[in-house]
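As a plain string of letters, each chain reads:
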Amino acid sequence: MFGSVKEYLDGRKVKRIASAAKMVTNAKAIKDDRWASLEYLAKSIDSVGDAVPALLPRFEYSLEHGINDTREKELALKGIVRYGDSAIPFIKDWLQKTSRIAWPIKALYELGQDQVVVDCLKAALNYGEVSFTQHEVDKNYDILCYLRDYQIHDLIPQIAHFLVDSDERVRYAAAEVLIAQNTDEVKDRLIHFLADDTSENRRIRGAVAQLFIDRQWKVPNPALFEGGRVTEQVSVGADGRLVHA
């Protein structure tokens, strides 16, 4: 008999979790009902495998009322981070599926050390052909913007992949990640932009030229630049170092 009662109670719990999870995904639900579901998932569930996957979808939409939207997302965030490191695999998997990455990354910031954040961001990058899928392009751009804050020398080859992306924002963000690395290894990845006079890469060219000035790197063939001019503001000296014109 006790076994039957336990099965009954477990069944009710499963149904309640499923109902709450469905409510959380509904942007048009009555706000009090959605809040009650969020509170239940965020505070009353012992299993990380039940709670975190049900809370993460709340980050997929925004409400017109900004205060309520932030309040709900903060509750979902607290519900996720209370599980500590055990929530990280679920967030990592979610980042690979979603294009709304800001709040999941907030959760990672609260839970993980820098390497955890970098590993999750790296796994969420899409190296395929995404030029016709704007939300994937935007996602790659956003991830690269986050990666600028980290020293990720082991990822330099992977980041360099995006220097030839069809989207100028993505190319520039990738260049910024490499420029932020405190290693001479990025020099050979970026030097070709100095001779790139296309309008599409003008910003990258200027940023790379400034990097060469800051680090006093020499270009191997100063004669390549007609009149010693690299950009309108930068020229190359006979010793191969760049200076402001």
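Residues numbered from 1 in each chain as written. Predicted model: local features only at pLDDT ≥ 70, side-chain atom pairs only at ≥ 80, totals over all residues. Heavy atoms only, no water.

> Describe the state of the cysteines, and please don't skip the residues or the numbers.
Here the structure, examined in full by the defined rule, presents zero disulfides. Note on cysteine 120: no disulfide assigned, nearest cysteine sulfur contributed by cysteine 145 at a separation of 18 Å. A relative accessible area of 2% places cysteine 120 in the buried class. Taking relative accessible area as the criterion, cysteine 145 reaches 15% and is therefore assigned buried. (Disulfide = S-S within 2.5 Å. Buried < 20%, exposed > 50% of the residue type's maximum accessible area, 1.4 Å probe, protein only.)

> I'd love a proper account of the packing of aromatic side chains, names of residues and values included.
Each aromatic ring pair is summarised here by two numbers: the centre-to-centre distance and the angle between the ring planes. A complete count under the given rule lists four aromatic pairs for this structure. Relative to tryptophan 103, the ring of phenylalanine 59 has its centre 5.8 Å away and its plane inclined at 15°; by these criteria the two rings are stacked. In this pair, phenylalanine 59 sits in the loop between helix 3 (48-55) and helix 4 (66-81) while tryptophan 103 sits in helix 6 (residues 102-111), placing the two residues 44 residues apart along the sequence. The class for phenylalanine 59 is buried, based on a relative accessible area of 2%. (Phe/Tyr/Trp six-rings, centres within 6.5 Å; stacked < 30°, edge-to-face > 60°. Helix = DSSP H or I, 4+ residues; strand = E, 2+ residues; numbered from the N terminus.)

> Requested: an account of the side chain of threonine 98, with residues and values cited.
You can see threonine 98 is positioned in the loop between helix 5 (88-97) and helix 6. Apart from the residues lying within four places of it in its own chain, the contact partners of threonine 98 are Glu60 and Lys139. (Contact = heavy atoms within 4.5 Å.)

> Give me the packing of helix 10 (residues 168-179) against helix 12 (residues 202-215): which residues, what numbers.
The N-to-C vectors of helix 10 and helix 12 enclose an angle of 10°; their axes lie 10 Å apart at closest approach. The angle between helix 10 and helix 12 falls in the class roughly parallel. Contacts from Glu168, Arg171, Tyr172, Ala175 and Ile179 in helix 10 reach Arg203, Ile204, Ala207, Val208, Leu211 and Arg215 in helix 12. By residue class, the composition of the contact of helix 10 with helix 12 is seven nonpolar, no polar and four charged. (Axes fitted to C-alpha atoms, helices over the stretch in contact; angles between N-to-C directions. Parallel < 35°, antiparallel > 145°, perpendicular 65-115°, else oblique. Nonpolar A, V, L, I, M, F, W, Y, C, P; charged D, E, K, R; others polar.)

> Explain helix 4 to me, using residue names and the numbers behind them.
With 16 residues, helix 4 ought to run about 22 Å at 1.5 Å a step, and its terminal C-alpha atoms sit 22 Å apart, in line with that. Residues of helix 4 that are buried in the fold lie against helix 2 (31-43), helix 3, helix 5 and helix 6. (Expected span 1.5 Å × (residues − 1).)

> Any chance you could break down unusual backbone geometry for me, citing the residues and the numbers?
In this model, glutamine 216 sits at a positive phi of 55°, which is unusual for a non-glycine residue. The exposure class assigned to glutamine 216 is partly exposed, which follows from its relative accessible area of 43%.

> Break down the environment of leucine 63 for me, with residues and values.
Here leucine 63 lies in the loop between helix 3 and helix 4. Sequence separation of leucine 63 and lysine 78 is 15 residues, and the distance between their C-alpha atoms is 19 Å. Contact partners of leucine 63, with chain neighbours within four places excluded, come to Ala27, Arg34, Arg58, Asn68, Asp69 and Glu72.

> Provide a residue-level description of the nonpolar core, including the pertinent values.
Leu144, Leu147, Ile159, Leu190 and Leu242 are the most contacted members of the largest nonpolar core, which totals 80 residues. It is helix 10 that provides the largest number of residues to this core, a total of eight residues. Residues in contact with isoleucine 159, not counting those within four places in the same chain, are Leu125, Leu144, Leu147, Ile152, Ala174, Val177 and Leu178. (Core = buried A, V, L, I, M, F, W, Y, C linked by side-chain atoms within 4.5 Å.)

> Talk me through the environment of threonine 98; I want residue IDs and the actual numbers.
For threonine 98, a relative accessible area of 3% puts it in the buried group. Taking the C-alpha atoms as reference, threonine 98 lies 26 Å from lysine 15; in sequence the two are 83 residues apart. Side-chain polar atoms of threonine 98 contact the side chain of glutamate 60, separated by 2.3 Å. (Polar contact = N/O pair within 3.5 Å; in protein donor to acceptor, adjacent residues only side chain to side chain.)

> Before we move on, can you summarise the pattern of salt bridges with the specific residues and values?
A side chain of one charge can pair with a side chain of the opposite charge when the charged atoms of the two come close. With the rule as written, the count across this model stands at 10 salt bridges. The salt bridge involving arginine 34 is made with glutamate 72; its shortest N-O contact spans 2.8 Å. Here arginine 34, found in helix 2, pairs with glutamate 72, found in helix 4; they are 38 residues apart in sequence, far enough to count as distant. Via salt bridges that share partners, Arg34, Arg58, Asp69, Glu72 and Lys73 belong to a single interconnected network. (Salt bridge = Lys/Arg side-chain N within 4 Å of Asp/Glu carboxyl O.)

By themselves, these are just geometric observations and shouldn't be taken as functional.
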